[in-house]
Amino acid sequence: MRSVFALLAGLLLATAANALSLADISGRDANGGLKEALTQGAAKAVDVLGRQDGFLGNPKVRIPLPESVQKVEGLMRGLGMGKQADELLTAMNRAAEAAVPQAKVLLVNSIKQMSVEDAKSILSGGEDSATQYFRRTTSGPLAEKFKPVVQKAIARVKLAEKYDQFAGKAAKFGLVREQDAHLENYVTQKALDGLYLMIAEEEKAIRKNPAEAVGKLAKKVFGAL
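Residues numbered from 1 in each chain as written. Predicted model: local features only at pLDDT ≥ 70, side-chain atom pairs only at ≥ 80, totals over all residues. Heavy atoms only, no water.

Within an unreviewed UniProt entry, the label attached to the protein chain reads Putative exported protein, and the organism entered is Sulfuritalea hydrogenivorans sk43H.

Asker: Honestly, the overall build of the protein chain in this entry has me stumped. Any pointers?
Answerer: Helix and strand content of the protein chain: 11 helices and zero strands. Beginning at the N terminus, the succession of helices and strands in the protein chain can be written as α-α-α-α-α-α-α-α-α-α-α. A sequence separation of at least 24 residues applies to 80% of the contacts in the protein chain between residues at least 6 apart. When the accessible surface of the protein chain is totalled, it reaches about 12600 Å², and 56% of it is carbon and sulfur. (Helix = DSSP H or I, 4+ residues; strand = E, 2+ residues; numbered from the N terminus. Contact = heavy atoms within 4.5 Å. Areas by Shrake-Rupley, 256 points an atom, 1.4 Å probe, with all protein chains shown as cover.)

Asker: Would you mind going over the pattern of salt bridges with me for this structure?
Answerer: Between side chains of opposite charge, a pair can form as their charged atoms come close. Per the counting criterion, the structure on display carries nine salt bridges. Between E97 and R94 there is a salt bridge, with its nearest N and O atoms 3.0 Å apart. With E97 and R94 both in helix α5 (residues 82-99) and three residues apart, this pair spans about one turn of that helix. When its relative accessible area of 6% is taken as the criterion, E97 is described as buried. Residue class for R94 comes out partly exposed when judged on its relative accessible area of 28%. For R135, the salt bridge is made with D193, and the minimal N-O distance between the two is 4.0 Å. Note that R135 is positioned in helix α8 (residues 129-155) and D193 in helix α10 (residues 183-208), a separation of 58 residues in sequence. For R135, a relative accessible area of 31% corresponds to the partly exposed category. Each of D53, R94 and E97 takes part in one network of salt bridges that share partners. (Salt bridge = Lys/Arg side-chain N within 4 Å of Asp/Glu carboxyl O. Buried < 20%, exposed > 50% of the residue type's maximum accessible area, 1.4 Å probe, protein only.)

Asker: Teacher, can you tell me more about the environment of T188 here?
Answerer: Within the fold, T188 resides in helix α10. You can call T188 buried: its relative accessible area is 6%. The sequence separation of T188 and A99 amounts to 89 residues, and the corresponding C-alpha distance is 8.2 Å. T188 has contacts with A143, F146, K147 and V150, leaving out every residue within four places of it along the chain.

Asker: How do you make sense of the packing of helix α6 (residues 103-112) against α8 when you look at a structure like this?
Answerer: Helix packing for two helices is described by the angle between their axes and how far apart those axes are. One way to put it is that α6 packs onto α8 with a least axis distance of 10 Å and a crossing angle of 150 degrees. By the criterion of interaxial angle, the relationship of α6 to α8 is roughly antiparallel. Every pair of crossing elements has a handedness; the one defined by α6 and α8 is right-handed. Residues A103, L106, L107, S110 and I111 of α6 form the contact with α8, whose own contacting residues are Y133, F134, T137, T138, P141, L142, K145 and F146. Its residues assigned to classes, the contact of α6 with α8 shows nine nonpolar, three polar and one charged. (Axes fitted to C-alpha atoms, helices over the stretch in contact; angles between N-to-C directions. Parallel < 35°, antiparallel > 145°, perpendicular 65-115°, else oblique. Left-handed = near helix turned anticlockwise from the far one by under 90°. Nonpolar A, V, L, I, M, F, W, Y, C, P; charged D, E, K, R; others polar.)

Asker: What exactly am I supposed to notice about the nonpolar core here?
Answerer: Burial of nonpolar side chains together is a common tendency in soluble globular proteins. Counting 42 residues, the largest nonpolar core has M92, L107, F134, F146, V187 and L195 as the members making the most contacts within it. The set of elements that each furnish at least two residues to this core consists of α2 (27-49), α5, α6, α7 (116-124), α8 and α10. Setting aside chain neighbours within four positions, we find L195 in contact with A45, V46, L49, V100, A103, L107, L142 and F146. (Core = buried A, V, L, I, M, F, W, Y, C linked by side-chain atoms within 4.5 Å.)

Asker: I would appreciate a short explanation of the packing of α7 against α8 in the present structure.
Answerer: For the pair α7 and α8, the least separation of the axes is 8 Å and the interaxial angle reads 140 degrees. Viewed along their axes, α7 and α8 adopt a mutual orientation that is oblique. Contacts between α7 and α8 involve D118, S121 and I122 from the former and S129, A130, Y133 and R136 from the latter. Tallied by class, residues from the contact of α7 with α8 come to three nonpolar, two polar and two charged.

Asker: Explain α6 here, please?
Answerer: Those residues of α6 lying buried are A103, L107, S110 and I111. The buried residues of α6 all sit within an arc of 100 degrees when viewed along its axis, so they share a single face. Across α6 from its buried face, at more than 90 degrees, point the exposed residues V105 and K112. (Arc of directions from axis to C-beta.)

Next comes the structure, spelled out in structure tokens:
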């Protein structure tokens, strides 16, 4: 029995002696490990969302009718437009699914351009600090990338025109906010929100379980946090 306890004690001591803190990791390794992890997380978020039912089949990111339009959705359904409302919801989510793959290149470029100060801020920040970095550096360019894809996707659906007509008229009477009267703007913003939400989930997962990180440097860095 003593030999078993002695072995366990030895293992604990060895583990403690080999444990790294973030201060023990070189700036170069920390920067490299962070970039490995962020590239992995961003790519996974894009892959999950940029497929059929990536948005529509995920309650966390599924795009509903705009909040102000939901207030008159009952009226639409009451007028026999329930099928159109359901098809419109599907079309909006399909448009977001078509747009998201455009994000991968911009996200990777943002990671490549990350400064040492940015990396330090992310590593010492909160559990969504990397996601906030992405929001700050990519939301504008991504909106520009997404919008034409969204427009093209919803142009195939006649219901988009009906939505604009309905929401546009409702907006004049104060039933729908003016910014919700244009479907492509709404879907583009919701696609961005969904993307950053999934990136945040990937970031939390890597911080919680560094063993899931792909690269050795990423495991080393996040294991030290």
